[in-house]
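# Geometric and topological summary
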Amino acid sequence: MTVYINILENVQKNMANEILLLLENDLEQDTEAIAVSILLVVIVIVMCPLTLRAIWSLTSDIQNYALTLAAQTKALNKEKKRSNWLLYSMLPPTVAEQLVLKKDVKAESYASASVLFSDIVGFNHLCAVSSPMQVVEMLNGLYLVFDSRIEHYKVYKVETVNETYMLAAGLPSRMVGGEHVTELATVALDLLHQVSFLEVPHRENMKIKIRIGIHTGPVVAGVVGIKMPRYCLFGDTVNTASRMQTSGLPGRIHVTSETYLALQDIGGFMLIRRGEIEIKGKGVMTTYWLTGRENFEQIIQPISEQSNIMNDPGLHEVRYTHMYEQTSTGRIQYRIQDDVEPDWKE
């Protein structure tokens, strides 16, 4: 019996030792796990501010990059607008858009269009008594006034060569009926009206006078050139309009019988028969003077700035802002009285 009791005690002791050993192992593992957890907590506590700072720094860099990108995009768009303005100054918008899209722009024939030429009377004499810079400033001021006026009409400025100013209507966008001759005739009256207030800025009491010629007929138009493309007009209509201008008189709008008949069909315009005259290269032609239009003052009054001119006569820096924020300046002399004759002739 005693033997069995001893064996049982030994078994109990061995079991107790095994249990103690297992408990010690579990305690050691738990201690290690707690230590690792504590270490991880410490690392997280230390790394969290660094991570947050890194995230904040990265967010700031992204924001700065976005702002820089937005500024560069804005600058790029501004430069694109400037380049588009230059292109649209050289070519009609519809034609320019086709070139931008790399489409082939073919020449077109227009059965009826109107062409206008104007020049400054006595320009050669004026150049002889003025410095080149004075001539350039005067022309720039005059043409800035012209450019600001024609934007209110459906006309296209073809070109300016020295003192010659060329306009066309009915192209490249075709117009129904005689709308093109109506637009061009109204523009001619408007420009003549504006010039009646102008003087040469560097020559006291020297009026600026222009003569205008208009012809209506078939025209061929297209883009010519690659290095410096221009939208050019071709045909006898262009030549005839130029002849009307050169054979005209100061302060007058000289038109052909074709233009006269078109305006008569439309109605509302006042014309006087000049008679049969010899036109260089054309022979004898019956021509007319365009003298006015019904309700002309009401037509131009909403877009006229005559009140400012009348209240503040004198030398003006003409500023003209284009559609793409391109501003140009020129010098021109406004006057009130109309009784001083110019001291220069053609």
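Above this text sits the structure in question.
Remember, predicted model here, so these are calculated numbers, not experimental data. (Residues numbered from 1 in each chain as written. Predicted model: local features only at pLDDT ≥ 70, side-chain atom pairs only at ≥ 80, totals over all residues. Heavy atoms only, no water.)

### Structural notes on the overall build of the protein
- What the protein contains, in helices and strands, is 9 helices and 11 strands.
- Buried positions account for 38% of the 346 residues belonging to the protein.
- Look at the contacts in the protein between residues 6 or more apart in sequence, and 69% of them connect residues 24 or more apart.
- By element, 57% of the accessible surface of the protein is carried by carbon and sulfur atoms, the whole surface being about 20,700 Å². (Helix = DSSP H or I, 4+ residues; strand = E, 2+ residues; numbered from the N terminus. Buried < 20%, exposed > 50% of the residue type's maximum accessible area, 1.4 Å probe, protein only. Contact = heavy atoms within 4.5 Å. Areas by Shrake-Rupley, 256 points an atom, 1.4 Å probe, with all protein chains shown as cover.)

### Thoughts on the nonpolar core
- Judged by nonpolar contacts, the single largest core of 42 residues is most densely connected at Ile253 and Leu290.
- With 9 residues, helix α5 (residues 179-195) is the single largest residue contributor to this core.
- Among all residues touching Leu290, those that are not within four sequence positions of it are Ala185, Leu189, Ile253, Val255, Leu263, Phe269, Met270 and Leu271.
- Among the nonpolar cores identified, the runner-up in size contains 21 residues, and Val95, Ala96, Val115 and Tyr231 belong to it. (Core = buried A, V, L, I, M, F, W, Y, C linked by side-chain atoms within 4.5 Å.)

### Comments concerning α5
- Taking 1.5 Å of rise per residue, 17 residues should cover 24 Å, and α5 covers 24 Å from first to last C-alpha, within 8% of that figure.
- With 16 of its 17 residues buried, α5 lies for the most part within the structure. (Expected span 1.5 Å × (residues − 1).)

### Focus on the pattern of salt bridges
- All told, the structure shown has 6 salt bridges when counted by the stated rule.
- The residue Arg211 makes a salt bridge to Asp119 at a minimum N-O spacing of 3.0 Å. On the criterion of sequence distance, the pair formed by Arg211 in strand β5 (residues 210-224) and Asp119 in strand β1 (residues 108-120) is long-range, its members being 92 residues apart. For the pair Arg211 and Asp119, a shared accessibility class is recorded, and that class is buried.
- Note that Glu179 and Lys154 form a salt bridge whose closest N and O atoms lie 3.0 Å from each other. Taken together, the residues Glu179 in helix α5 and Lys154 in the loop between α4 (132-150) and β2 (156-161) connect sequence positions 25 residues apart.
- On the basis of relative accessibility, which here comes to 27%, the residue Glu179 falls in the partly exposed class. (Salt bridge = Lys/Arg side-chain N within 4 Å of Asp/Glu carboxyl O.)

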